[in-house]
Amino acid sequence: MKKDKFALILGANSDIARALAYLMAQKGWNLYLASRRLDPLNRLAQDLHLRYGCIAQALYFDALDYKSHGSFYKGLQPKPEGVVVAFGYLGPLKKPPKDFAEAEKIVQINFLGAVSILEIVAKDLEKRKKGFIIGLSSVAGDRGRASNYIYGSSKAAFSTYLQGLRQRLFKSGIQVLTVKPGFVVTKMTRDLDLPKHLVTQPEKVAQDIYRALKAGKDVLYTPFYWRFIMGAIKALPEGLFKRLKL
Amino acid sequence: MKEKEIAGWGRYPKIKAKIYEIGEREEIPALLKHISQGIPWGLGRSYGDSALAQEIILTKGLKHFLAFDPQTGLLRAEAGVSLREIIQVFLPQGWFPPVVPGTQFVTLGGAVAADIHGKNHHHHGCFSEFVEEILLFIPENGILRVSRQENPELFYATCGGMGLTGLILEVSLRLTRVPSAFIRQTSIFLAGLEEILTAFEEHQQALYTVAWVDCSSTNPLGRGILLIGEHAQEAPLKIRLQKPRAVPFVPPVSLVNSWSIRIFNWLYTKQASRKPRLDLVPLEKFFFPLDKWAHWHRLYGPRGFLQYQFVVPKDQGLYALREIAQQIKKSGLSSSLAVLKLFGPENKNFLSFPMEGYTLALDFPYTEGLFRLLDRLDQIILECGGRFYLAKDARLKASVFEKGYPYLERFRKLRKSLGLDKKIQSLQSRRLAL
Ligand SMILES: Cc1cc2nc3c(=O)[nH]c(=O)nc-3n(C[C@H](O)[C@H](O)[C@H](O)COP(=O)(O)OP(=O)(O)OC[C@H]3O[C@@H](n4cnc5c(N)ncnc54)[C@H](O)[C@@H]3O)c2cc1C
Ligand SMILES: NC(=O)c1ccc[n+]([C@@H]2O[C@H](COP(=O)([O-])OP(=O)(O)OC[C@H]3O[C@@H](n4cnc5c(N)ncnc54)[C@H](OP(=O)(O)O)[C@@H]3O)[C@@H](O)[C@H]2O)c1
């Protein structure tokens, strides 16, 4: 095992992030696991260490606490070769957010929180001229829908942000991978009624992400068929789309 | 929560139940508040209705290894971790679970709850012998540390307590050092029950012993193969564990008995010389021969099967086994090959099954008339001073079960005093008033 090969996973208590952590540990990565709830994070870190012999460190990180991001990243020694932004917040579904505070939180976590930490990360990777950034966006950002448009637009903003970041970091040889999962069975979606034949396990998503990383991809739809589903949905004329219940 | 048809390993009985999945430990208090009459479920390898209830709590989210001390072999892990995973991770480092059942697909929680025994019971006792501490969640009390020193009463009730003392969250287990991933196996071919029991006595000093017995063979009654195992010293530690192959469907009728007996007879006649045979076999093959086939229980057909396991004191062994074989023959029902093992002294746990003597486990496909036969067998076992294994049971009567377990009343009292008797119940605990 290369002693110095570290990746940083932000929002590591996410079920997709956990699945990715297992895969990366198996492939020889050491991991910084950062999230808010330290108890489950410590269990994850111990488990990864005992199963795969990697170094796995649990760290407190709150995407909303922008001020802390600088010192958080500074504290990582050695610096990670790559960073995964997995944290995300769906908010209550079906009905529009009750008050602005809820909407604000969705945008702050999914967009501003990600921007805040990634700007710091990008500066460092740019200097070191290597590495990768993986951002977990969503197919929900591809087109706004009545049922979750605040979440959707926060993810759209995040996707667009990653697009620009990709262009900026390309010269420095840094890969920026935008991941757009479809419906994944996680605690985020546990209480939703998802279409049975369209749901995916986090392990499958993790595998797709890792493969896309190795293949140097820019944008990943996972599972692959979401590229076509979203292609079709995006192609619908707005005049028709606004009448649909999707 | 999902509503689903579900059954234990024997696929009898099948019930409709509400299935709740624990995602992570933090969710447990809220989940248990919600439950009105439920029971934990590990990997569903108990045969009957031990893990069945109106509400079933899946423990598979409790899946983390938490600590390991390579000096002492002490492992702390969450209760949903399986022995398979322990073997996968720690066998290459020279460690193995101290007691293993006939399948590695059981959870730590299930192993503690049934206080499982292995082929080395006559030397090392039950699983609980190697358990240093348990972390237990009791709805009214929260999380309790349970060991021989702390809350000892609860320790003796929880080991063997079939999930009825609360949800096991963590187990601290002492693993055993092993020199290799192989077993030196001797197979001895024996013509009848008496010879088999004598052979068990003769090979008492061997670490692992087990016999496969064909109870349907006559003249003399019950021929068998005694397998003796010791850890092989000079063999590699690292091996690839096999991936189980699936039995892909449920055949319309049970295929097991005729098959297993046929394979057995083929093996037996192949070795007609009856010279003991020596092999070097992977641990997995020695301990878990059936794990090669995932869902092998499907071979018993849609109606499922029952396993019947009892233990009788040594001096009653030959008599009991003969009577049982004769009763089965008389009934005209078929049973599969039976597994015979030797037990050492019993432990202090309230409901642990093993006691000094011989234990026999038989599979019967579910058919009309089976319960009548089993009722008769129950009486023979009781007469001999024996008792029955909860992890295999789906049909015992309370009056029969009780006779084998002198501490049952203490177990009941403890459950009541902890407010567990209503909330935590299985079909089995209701049937047997546990
Ligand atoms: C092929 C085969 C061979 C076997 N051989 C043997 C053998 O040689 N020796 C032996 O002793 N047994 C043997 N068994 C039985 C098996 O070891 C036990 O039934 C064991 O309890 C199964 O573990 P499980 O994780 O599947 O638990 P389940 O079957 O899911 O549950 C069994 C009991 O444990 C309780 N339980 C499970 N998890 C928890 C938890 N976290 N907290 C509290 N309670 C819990 C359940 O409520 C239930 O009462 C065998 C079974 C099979 C299928
Ligand atoms: N599940 C899906 O169907 C789906 C589909 C498309 C896209 N996605 C996206 O994929 C990512 C992972 O999703 P998931 O389903 O695996 O999520 P999840 O299991 O619901 O986990 C989300 C995690 O985000 C973390 N988080 C929330 N707010 C945070 C904050 N302020 N600071 C730090 N961490 C915070 C939480 O960590 P703590 O537990 O430590 O608080 C939580 O565990 C998300 O960005 C999600 O939007 C998911």
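Higher on the page you've got the structure.
Residues numbered from 1 in each chain as written. Chains lettered and ligands numbered in written order. Predicted model: local features only at pLDDT ≥ 70, side-chain atom pairs only at ≥ 80, totals over all residues. Heavy atoms only, no water.

K.L.:
I'm lost on the packing of aromatic side chains in this one. Help?
P.N.:
Working definition: an aromatic ring pair is given by the centre-to-centre distance plus the angle between the planes. Inspection of every chain in the model, using the stated rule, returns 31 aromatic pairs over all chains. A ring pair is formed by Phe61 of chain A and Phe87 of chain A, whose centres lie 5.9 Å apart and whose planes are at 35°; its orientation type is tilted. On the criterion of sequence distance, the pair formed by Phe61 of chain A in the loop between β3 (56-60) and α3 (69-74) and Phe87 of chain A in the loop between β4 (82-85) and α4 (100-128) is long-range, its members being 26 residues apart. Relative accessible area serves as the criterion here: at 3%, Phe61 of chain A is assigned to the buried category. On the numbers, 6.4 Å between centres and 35° between planes, the contact of Tyr225 of chain A with Trp226 of chain A is tilted. A relative accessible area of 24% places Tyr225 of chain A in the partly exposed class. Site record: aromatic cluster; members linked through ring pairs are Trp9, Tyr47, Trp296, Tyr300 and Phe305 of chain B. (Phe/Tyr/Trp six-rings, centres within 6.5 Å; stacked < 30°, edge-to-face > 60°. Helix = DSSP H or I, 4+ residues; strand = E, 2+ residues; numbered from the N terminus. Buried < 20%, exposed > 50% of the residue type's maximum accessible area, 1.4 Å probe, protein only.)

K.L.:
It is not clear to me how the site of ligand 1 should be interpreted in this structure. Could you clarify?
P.N.:
All names here are of chain B. Near ligand 1, the surroundings consist of 35 residues, among which Pro40, Gly42, Ser46, Thr107 and Tyr389 are the closest. Pro40 is positioned with one of its backbone polar atoms (N or O) 2.7 Å from an oxygen atom of ligand 1. In the model, an oxygen atom of ligand 1 is placed 2.9 Å from a nitrogen or oxygen of the Gly110 main chain. For ligand 1, whose unbound accessible area comes to 970 Å², protein coverage reaches 98%. Secondary-structure elements contributing two or more residues to the shell around ligand 1 are β3 (38-41), α3 (108-113) and β10 (167-174). For the shell around ligand 1, the residue count by class is 19 nonpolar, 13 polar and three charged. (Near = heavy atom within 4 Å. Polar contact = N/O pair within 3.5 Å; in protein donor to acceptor, adjacent residues only side chain to side chain. Areas by Shrake-Rupley, 256 points an atom, 1.4 Å probe, with all protein chains shown as cover. Nonpolar A, V, L, I, M, F, W, Y, C, P; charged D, E, K, R; others polar.)

K.L.:
Is there a simple way to explain the interface of chain B and chain A in this structure?
P.N.:
The extent of an interface is frequently quoted as the accessible surface area lost upon association of the parts. In this assembly, 15 residues from chain B lie in contact with 12 residues from chain A. For the chain B and chain A pair, buried surface summed over both sides reaches about 1200 Å², with 44% attributable to carbon and sulfur atoms. Looking at the side of chain B facing chain A, the largest losses of area belong to Glu24, His64 and Phe65 of chain B, adding up to 41% of the total buried there. Counting the contacts that link chain B with chain A gives four salt bridges. Across the pair Glu24 of chain B and Arg37 of chain A runs a salt bridge, and its minimum N-O distance is 2.6 Å. Inspection of the chain B/chain A interface yields six residue pairs in polar contact (both at pLDDT 80 or more). A total of four residues in the side of chain B that touches chain A trace back to one element, the largest contributor, which is strand β5 (residues 65-69) of chain B. Per-class residue counts for the side of chain B that touches chain A are five nonpolar, two polar and eight charged. (Contact = heavy atoms within 4.5 Å. Buried area = accessible area lost by both parts, 1.4 Å probe. Salt bridge = Lys/Arg side-chain N within 4 Å of Asp/Glu carboxyl O.)

K.L.:
Honestly, the sheet that holds strand β9 (residues 219-222) of chain A in this entry has me stumped. Any pointers?
P.N.:
Sheets are built from strands that pair by backbone hydrogen bonding, the pairs being arranged parallel or antiparallel. Residue and element names in this part refer to chain A. One open sheet accounts for seven strands, arranged β3-β2-β1-β4-β5-β6-β9; its pairing is parallel. A strand with exactly one partner marks an edge of an open sheet, and here the two such strands are β3 and β9. For this sheet, the mean inter-axis angle between neighbouring strands, taken without regard to orientation, is 15°. One ladder, built from five bridges, connects strand β1 (residues 6-10) with strand β2 (residues 30-35); its direction is parallel. (Pairing = 2+ DSSP bridges. Axes fitted to C-alpha atoms, helices over the stretch in contact; angles between N-to-C directions.)

K.L.:
Is there a simple way to explain the pattern of salt bridges in this structure?
P.N.:
Pairing is possible between side chains that carry opposite charge, provided their charged atoms lie close to one another. Using the criterion set out here, one finds 36 salt bridges over all chains in the structure. Here Glu194 of chain B and Arg322 of chain B are joined by a salt bridge, their closest N and O atoms 3.4 Å apart. Separated by 128 residues along the polypeptide, Glu194 of chain B in helix α6 (residues 193-202) and Arg322 of chain B in helix α9 (residues 317-331) bring together distant segments of the chain. For Glu194 of chain B, a relative accessible area of 48% puts it in the partly exposed group. Ionic pairing is found between Arg412 of chain B and Glu402 of chain B, a salt bridge with its closest N-O pair at 3.2 Å. In this pair, Arg412 of chain B sits in helix α12 (residues 408-417) while Glu402 of chain B sits in helix α11 (residues 398-403), placing the two residues 10 residues apart along the sequence. What emerges from the salt-bridge pattern is a single network uniting Arg43 of chain A together with Arg25, Glu26, Arg76, Glu78 and Glu170 of chain B.

K.L.:
Help me understand unusual backbone geometry, please; the structure alone is not making it clear to me.
P.N.:
Where the residue is not glycine, phi is negative for most of them; where a peptide bond is considered, it is trans in most cases. Of the consecutive residues Thr222 of chain A and Pro223 of chain A, the connecting peptide bond is found in the cis state with omega at -10°. Relative to the elements of secondary structure, Pro223 of chain A occurs in the loop between β9 and α7 (226-235). A positive phi angle, close to 40°, is found at Asp115 of chain B, a residue other than glycine. Looking at the secondary structure, you find Asp115 of chain B in the loop between α3 and α4 (121-124). Of note in this structure, Met162 of chain B is not a glycine but carries a positive phi near 50°. Structurally, Met162 of chain B is set in the loop between α5 (152-158) and β10. Its relative accessible area of 7% is what places Met162 of chain B among the buried residues.

K.L.:
Can you walk me through the pairing of strand β2 (residues 14-21) of chain B in this structure?
P.N.:
Note on strand geometry: in a regular strand, side chains alternate between the two faces of the sheet. Residue and element names in this part refer to chain B. Where strand β1 (residues 2-7) and β2 come together, six bridges link them in antiparallel fashion. Bridged to Glu5 within β2 is Lys16. Taken together, β1 and the strand that follows it, β2, pair antiparallel across an intervening segment of six residues, in which Arg11 is found at a positive phi of about 60°. Both β2 and strand β4 (residues 55-58) contribute to a ladder of four bridges, which runs parallel. When the sheet's bridge partners are listed, Ile19 is paired in β4 with Ile56.

K.L.:
Sorry, what's going on with the side chain of Lys119 of chain B here?
P.N.:
Within the secondary structure, Lys119 of chain B sits in the loop between α3 and α4. For Lys119 of chain B, the residues in contact, after removing those within four places along its chain, are Val100, Leu207, Tyr208, Thr209, Val210, Phe286, Phe287 and Lys341 of chain B.

These figures come from the coordinates and say nothing about function on their own.
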